[in-house]
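Residues per chain, in single letters:
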Amino acid sequence: MTEQDKAERYKKRMQRKEKIVDASIEKADQEKGLLLVLTGNGKGKSSSAFGMVARALGHNMNVGVAQFIKGRTDTGEEAFFSKQAGCTWLVLGGGFSWKVQDLAEDQARAAAGWERASPFLQDDSIDLVVMDELTYPLKYGWLDTDTVLKAIANRPAMQHVIVTGRGAPDALVEAADTVSSVDDIKHAFRAGIKAQPGIDL
Ligand code: ATP
Ligand code: MG
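Caption draft 1: Examining a positive patch on the surface more closely. There is a patch of like positive charges on the surface, built from Arg 9, Lys 12, Arg 13, Arg 16 and Lys 17. Within the fold, Arg 9 resides in helix 1 (residues 3–27). By relative accessible area, which is 57% here, Arg 9 ends up exposed.

Caption draft 2: Structural context of the sheet that holds strand 2 (residues 63–67). The strand order across the open sheet built from 6 strands is 3-2-4-5-1-6, with neighbouring strands paired in parallel fashion. Bordering the open sheet on either side are strand 3 (87–91) and strand 6 (178–181), each of which pairs with just one other strand. Averaged over all neighbouring strand pairs, the angle between strand axes comes to 10°, with direction disregarded. Alignment of strand 1 (residues 35–39) against strand 6, held across 4 bridges, turns out to be parallel. Bridging from a neighbouring strand, Leu 38 pairs with Ser 180 of strand 6. Along the sheet face, helix 5 (residues 103–117) touches strand 2, strand 3 and strand 4 (128–132) and points at about 170° away from the line of strand 3.

Caption draft 3: Examining the site of ligand 1 more closely. Near ligand 1 there are 15 residues, and of these Lys 43, Gly 44, Lys 45, Ser 47 and Asp 200 occur at the shortest range. Note that an oxygen atom of ligand 1 is positioned 2.7 Å from one of the backbone N or O atoms of Lys 45. A distance of 3.1 Å is found between a nitrogen atom of ligand 1 and a side-chain nitrogen or oxygen belonging to Arg 166. Its free accessible area being 570 Å², ligand 1 has 83% of it covered by the protein chains. With 3 residues, the single largest contributor to the shell around ligand 1 is helix 2 (residues 45–58). Looking at side-chain class alone, the shell around ligand 1 contains 2 nonpolar, 6 polar and 7 charged residues.

Caption draft 4: Main features of the layout of surface pockets. Its boundaries defined by the atoms lining it, the second largest pocket holds a volume of some 180 Å³. Lining of the second largest pocket is provided by Leu 34, Leu 36, Met 52, Arg 55, Ala 56, His 59, Met 61, Leu 128, His 160 and Ile 162. At the level of secondary structure, the elements contributing two or more residues to the lining of the second largest pocket comprise helix 2 and strand 5 (160–164). A total of 3 residues in the lining of the second largest pocket trace back to one element, the largest contributor, which is helix 2. Each residue belonging to the lining of the second largest pocket can be placed in one class, and the counts come to 7 nonpolar, 2 polar and 1 charged.

Caption draft 5: Representation of a negative patch on the surface within the structure. The grouping of Glu 18, Asp 22, Glu 26 and Asp 29 at the surface amounts to a negative patch. Following the sequence through the fold, Glu 26 ends up in helix 1. By relative accessible area, Glu 26 is classed as exposed at 66%.

Caption draft 6: How the structure looks around the domain arrangement of the protein. Each assigned domain of the protein is listed with its residue range as follows: domain 1 (1–30) and domain 2 (32–191). A straight line from the C-alpha centre of domain 1 to that of domain 2 covers 39 Å.

Here is what the cut-offs are and how they apply
- Residues numbered from 1 in each chain as written.
- Chains lettered and ligands numbered in written order.
- Predicted model: local features only at pLDDT ≥ 70, side-chain atom pairs only at ≥ 80, totals over all residues.
- Heavy atoms only, no water.
- Patch = residues over 30% accessible without salt bridge, like charges linked within 9 Å, V, L, I, M, F, W, Y side chains within 5 Å.
- Areas by Shrake-Rupley, 256 points an atom, 1.4 Å probe, with all protein chains shown as cover.
- Salt bridge = Lys/Arg side-chain N within 4 Å of Asp/Glu carboxyl O.
- Lys, Arg positive; Asp, Glu negative; His and termini not counted.
- Charge placed at Lys NZ, Arg CZ, Asp CG, Glu CD.
- Helix = DSSP H or I, 4+ residues; strand = E, 2+ residues; numbered from the N terminus.
- Buried < 20%, exposed > 50% of the residue type's maximum accessible area, 1.4 Å probe, protein only.
- Pairing = 2+ DSSP bridges.
- Axes fitted to C-alpha atoms, helices over the stretch in contact; angles between N-to-C directions.
- Contact = heavy atoms within 4.5 Å.
- Near = heavy atom within 4 Å.
- Polar contact = N/O pair within 3.5 Å; in protein donor to acceptor, adjacent residues only side chain to side chain.
- Nonpolar A, V, L, I, M, F, W, Y, C, P; charged D, E, K, R; others polar.
- 1 Å grid on protein atoms, 1.4 Å probe; cavity = no way out; pocket = protein on both sides within 12 Å on 5 of 7 lines; lining within 4 Å.
- Points joined across faces, edges and corners; volume = space filled by probe spheres on them.
- Domains from an automatic or database assignment.

Structure (C-alpha cells):
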C-alpha cells in the first residue's frame, strides 16, 4: 500500500468514526441531575470526585462535600477546596472504623454525620454534592441504605451527587446513572511506601 493509499484509508476511517460519534452526541439530548458512584478497590475514587468538584467550581457552581470516614483535617483537598468560594466542606468521620471497634459508637457517629450532610440534598442552591466514603456506613449498617437512597432520590432535579467508596451496595449501583469501578492493579503502599502528600492526601 502506498503512503497515499494509507492516508486515504485513514481519512475514510476517521470520517466513519466522526459520523458515529456525531450521531450519538445528537442522541444524548437530555439534562438531569446525575447520581455517580465511584467504587472498587483501586486508588482514584475520592480524587476523581474532587476532580469533578474542581470542574463544577470552574463553572461557578456551588458544591457541598461531606467526608464520612476521614477524621484527619490535614488533607490537601480540604486545605484547597474549603477556601474556594462556593464550596462547603464537612469532615464527619472520627478516624477509621477499624480503630473504633464499637458498633453503637460507629452508628451514632454516622447518624450525626448524616444529620449534617443530608441537608445538602434538600438545598437547591447546591449543584453538586459529594458524599465521600459513604459506602462504608451503608456496608457496615451504620446508616440505613433505604433512608439514604430516598434522600438522594428526592433531591433537587438538577443536583448532581457523587458517592465514593469500596463495595457500593447493589441498590446504590442500581439507582446510579454512572458507575465506575477502579481496579487495584498495583499500589505503592504494598511496596512499603507511606502515604505521599499530593498523591494520597
Ligand atoms: P484517593 O483518595 O487517592 O483517590 P480512593 O478514594 O480511591 O483514593 P480510599 O479507599 O478512599 O481510596 O483510600 C484512601 C487512601 O488509601 C489514599 O491515601 C489511597 O492512596 C490509599 N489507597 C487507596 N487504594 C489503596 C490500595 N488498594 N492499597 C493501599 N492503599 C490504598
Ligand atoms: Mg476515598
